[in-house]
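Given next are the chains, with one letter for each unit.
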Protein chains: 2
Amino acid sequence: MITAVLGGGQLARMLALAGAPLGLRTRCLDPSPDAVAGHVAELLVGAYDDPALLQRLADGAAVCTFEFENVPVATTEWLMGHSTVLPHPRALGVGQDRLHEKTLFRELGIGTAPFAIAATRDELRQAVATVGTPCIVKTRRLGYDGKGQVRLAAGADQAAIDAAFATLTAGGYAHALIAEGFVRFDRELSVLAARGRDGRVVTWPLVQNEHEHGILARSRAPAPQLEPRLQREADLFAAALLEHLDYVGVLAVELFEVGGKLLANEMAPRVHNSGHWTIEGSVCSQFEQHLRCVHGLPLGDTGMAGSGYATMVNLIGEMPDRARLLALPGVHLHDYGKSPRAGRKLGHATVVAASRDEADALAARVRG
Amino acid sequence: MITAVLGGGQLARMLALAGAPLGLRTRCLDPSPDAVAGHVAELLVGAYDDPALLQRLADGAAVCTFEFENVPVATTEWLMGHSTVLPHPRALGVGQDRLHEKTLFRELGIGTAPFAIAATRDELRQAVATVGTPCIVKTRRLGYDGKGQVRLAAGADQAAIDAAFATLTAGGYAHALIAEGFVRFDRELSVLAARGRDGRVVTWPLVQNEHEHGILARSRAPAPQLEPRLQREADLFAAALLEHLDYVGVLAVELFEVGGKLLANEMAPRVHNSGHWTIEGSVCSQFEQHLRCVHGLPLGDTGMAGSGYATMVNLIGEMPDRARLLALPGVHLHDYGKSPRAGRKLGHATVVAASRDEADALAARVRG
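Rules used throughout
Residues numbered from 1 in each chain as written. Chains lettered and ligands numbered in written order. Predicted model: local features only at pLDDT ≥ 70, side-chain atom pairs only at ≥ 80, totals over all residues. Helix = DSSP H or I, 4+ residues; strand = E, 2+ residues; numbered from the N terminus. Rg over C-alpha atoms; globule rule 2.2 N^0.38 Å. Buried ≥ 20, exposed ≤ 12 C-beta atoms within 10 Å, placed from the backbone. Contact = placed C-beta atoms within 7 Å. Pairing = 2+ DSSP bridges. Axes fitted to C-alpha atoms, helices over the stretch in contact; angles between N-to-C directions. Core = buried A, V, L, I, M, F, W, Y, C linked by C-beta atoms within 7 Å. Arc of directions from axis to C-beta. Least-squares fit on C-alpha atoms with pLDDT ≥ 70 in both. Parallel < 35°, antiparallel > 145°, perpendicular 65-115°, else oblique. Nonpolar A, V, L, I, M, F, W, Y, C, P; charged D, E, K, R; others polar.

## Section: the overall build of chain A
Part 1 of the argument: Within chain A, the regular secondary structure consists of twelve helices and 17 strands.
Part 2 of the argument: Relative to the compact-globule value of 21 Å for 368 residues, chain A shows a C-alpha radius of gyration of 20 Å, a close match.
Part 3 of the argument: Taking the principal axes of the C-alpha coordinates as reference, chain A spans close to 55 × 50 × 40 Å.
Part 4 of the argument: Here chain A holds 368 residues, and 52% of them are scored as buried.
Part 5 of the argument: Counting contacts in chain A only where the partners sit at least 6 residues apart, residues at least 24 apart contribute 60% of the total.

Right, dumping it as structure tokens:
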């Protein structure tokens, strides 16, 4: 059985590595001949909206899925007409559009930061007045890892707002902007959830995430001092989203914890960086689970693997010395095989341990 | 960095899957275009002694290694002249030749069953008289999974011996035969060991193996009721072999436990079926470890992963229903992607659990 994957980066690569033991072969489509999933899977190279390539991608595949959410509409339409596509592309539409996403959160009773939409400079001034400062102004569409956003400090004046507008609309790729009130959160968490073709929903333990320069640096699972009440709240958020979207596959929701309550920041309709720890830290990894979901197989166990605690560290910009890392006890290296570049996610390392402190101490040694 | 592997079966496939997270790419050579490592690695198809193909195999590879021991001499000679080959092919020579192997065991103080060599029918009668009956007559070279051997019952007569000779020399592929006294063992064990380029030796906990129809059916790790004394004896055997052969990589030794003592049955100079449990059951799998060894990287931790107990079940001849297997809690499926055929190893399943009984009970459910 073949899984067709749109995109051939590290997420597709880890899907392919998880699929092989299940007897699943992976075929990816990516514009780059250097796409690293090609090291372990069949790689088709070309544009995402090339019908001849999409035909080859879907040919004989049991299901088509995605490693990223910004899939061109023409692509999803073609695939929907020729194959089984999971998760349903309506979830991509939500993930591509911050307004749609936040509106859906609100409809489902999921808390968010205050937000307001703005298409013009004047509207942005009004939106910032509505949500107050400090705030973050983002493009309504696209943008990830801190790109496509500008932070406005407390008391930011008209000039600062106008400068943010100019920055975010330069190049003309922003359909509109969204101003989000700045949340003084106690910590950032994420919930990773999966829904099978039969509608069964499972979640993994909540993860605490730490960002540096707008990029995820470290995830700790389970989140320290995790109250069952908080996990239940996150599980309800995830289940509401999955069911509303009739979603099949793995989905991640980034959350803020504020005074013991959760606010949703954004969702990712795919396997997610904050779930990479599941490869060794959970009985069933997010990659295997996504494949189980989209192929209609029984869902796997999302409990912590034997050791009980996991910490994942991203390896960004340049790879640390491999021999040094591998000499650390119990460190699991994941080198994506990518060329180094500033700010680029080149790999991650996961440590599993029998205590929170031990996992974190070892993770600190990974970072050197 | 590229690992070149002679052979493209399931062992090469699992080496490739273990190499990818270390940033290692895998290139295999196999006579069959259906070789299953080709699903997750570059596959060259052709004869093992084709110099043009060997050139392509070795081109740019950091190291060449093997997934099987019966490598043609011409192949190893070519590779030795053009690349780094690990483990050193002298170990293949030992593993290919039961007489050489058993003689080496004896030289190193490793116990074996009584044995005698025979090139002719008359010599086989003499050899059987020497070791006594019951005994097993095997071809000196080749043979695995119960092939290339005939068992002689207690009191077997000349006609039975002559028939064994005729069976094993039919087709003329046997250089000679070896008669091995039948050992009334208490159980079959194996020790899996690895030696780095720096000479460091590590071993995994001893495994108890159960064969059916001459093929490995189940491995349990650690072996039940494992006395530290027995593990120490096995560790000494493995270390003596590894050091004598100046071996680099993973090696397995199949053992009989007889009255609290160990006898060596045979060695395999490669990753081994009785070590497949290490993928989930040990901190570092045999596949990752072999790659760490041959690439000169620090060796990994051979301790049991968090859960503490693992049982591996081979899936032979036909695959059980995948959905049924995946519905069992904590079962890790490894489908090699091969076509079904009677007696063929198509995959394995490993269960990890916090107790011996739990692991075995779950493994029994895998077998249905």
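So, next bit.
## As for the sheet that holds strand β1 (residues 2–6) of chain A
All names here are of chain A.
Part 1 of the argument: Reading across from one edge, β3-β2-β1-β4 is the order of the four strands in this open sheet, with parallel pairing throughout. Whereas interior strands pair on both sides, the edge strands pair on one side only; in this sheet they are β3 (42–45) and β4 (61–66). Mean inter-strand twist for the sheet, computed between neighbouring axes without regard to direction, equals 20°.

## Brief notes about the nonpolar core
Part 1 of the argument: Counting residues in hydrophobic clusters, the biggest one holds 198 residues, and the most contacted among them are Leu251 of chain A together with Leu251 of chain B.
Part 2 of the argument: Sequence-distant contacts of leucine 251 of chain B, that is, excluding residues within four places in its chain, are made with Ala193, Ala238, Leu241, Leu242, Met267, Ala268 and Pro269 of chain B.

## Quick look at helix α2 (residues 51–58) of chain A
Residues and elements named next belong to chain A.
Part 1 of the argument: Listed as buried for α2 are Leu54, Leu57 and Ala58. Each buried residue of α2 sits inside an arc of 85° when the element is viewed along its axis, so together they form one side. Counted as exposed and oriented over 90 degrees from the buried face of α2: Ala52 and Gln55.
Part 2 of the argument: Elements in contact with the buried residues of α2: β1, β2 (25–30), β3, β4 and α3 (73–82).
Part 3 of the argument: The positive-phi residue at the C-terminal boundary of α2 is glycine 60, with phi of around 80°.

## Considerations on the relation of the copies chain A and chain B
Part 1 of the argument: With an axial shift of 0.0 Å and an RMSD of 0.0 Å, the rotation relating chain A to chain B amounts to 180°. Given the turn and translation reported, the copies of this chain are related as if by a two-fold rotation axis.
Part 2 of the argument: The fraction of interface residues of chain A whose copies in chain B are also interface residues reaches 100%, indicating that both copies meet through the same surface.

## As for the packing of helix α1 (residues 10–19) of chain B against helix α10 (residues 286–294) of chain B
Residue and element names in this part refer to chain B.
Part 1 of the argument: α10 packs onto α1 with a crossing angle of 75° between their chain directions and a minimal axis gap of 8 Å. By the angle between their directions, the pair α1 and α10 is classed as roughly perpendicular. Together, Met14, Leu15, Ala18 and Gly19 of α1 and Phe287, Glu288, His290 and Leu291 of α10 make up the contact between the two elements.

## With respect to the interface of chain A and chain B
Part 1 of the argument: The partner chain B presents 29 residues to the 28 residues of chain A that form the contact.
Part 2 of the argument: Sorting the residues of the side of chain A that touches chain B by element identifies α11 (322–327) and β16 (331–335) of chain A as the ones contributing at least two each.
Part 3 of the argument: Considered class by class, the residues forming the side of chain A that touches chain B number 15 nonpolar, eight polar and five charged.

## Notes on the pairing of strand β12 (residues 215–221) of chain A
All names here are of chain A.
Part 1 of the argument: In terms of burial, β12 is a largely internal element, five of the seven residues being buried.
Part 2 of the argument: Direction of pairing for strand β11 (residues 207–212) relative to β12: antiparallel, over a ladder of five bridges. When the sheet's bridge partners are listed, glutamate 210 is paired in β12 with arginine 218.

## A word on the environment of histidine 334 of chain A
Part 1 of the argument: With respect to the secondary-structure elements, histidine 334 of chain A resides in strand β16.
Part 2 of the argument: For histidine 334 of chain A, a count of 24 C-beta atoms within 10 Å corresponds to the buried category.
Part 3 of the argument: Between the C-alpha atoms of histidine 334 of chain A and glutamate 280 of chain A, which are 54 residues apart in sequence, the distance is 11 Å.
Part 4 of the argument: The contacts of histidine 334 of chain A, once residues within four sequence positions are left out, are Gly347, His348 and Ala349 of chain A together with Pro21 of chain B.

## Here's the deal with helix α6 (residues 121–131) of chain B
Residue and element names in this part refer to chain B.
Part 1 of the argument: Restricting attention to buried positions, one finds in α6 the residues Leu124, Ala127, Val128 and Val131. The buried residues of α6 all sit within an arc of 100° when viewed along its axis, so they share a single face. Along α6, exposed side chains directed more than 90 degrees from the buried face belong to Asp122 and Ala129.
Part 2 of the argument: Turning to α6, the residues buried within the fold contact β5 (115–118), β6 (135–139), β7 (149–152), α7 (158–169) and β8 (177–181).
Part 3 of the argument: After α6 finishes, the residue glycine 132 shows a positive phi value of roughly 80°.

## Re the sheet that holds β8 of chain B
Residues and elements named next belong to chain B.
Part 1 of the argument: Read across the sheet, four strands follow the order β5-β8-β6-β7 without closing on themselves; strand pairing throughout is antiparallel. Looking at strand neighbours, the two that pair on one side only are β5 and β7, the edges of this open sheet. If you compare each strand with its neighbour and ignore which way they point, the axes differ by 20° on average.
Part 2 of the argument: Sitting on the sheet, α7 touches β6, β7 and β8, and the angle it makes with β7 is about 175°.

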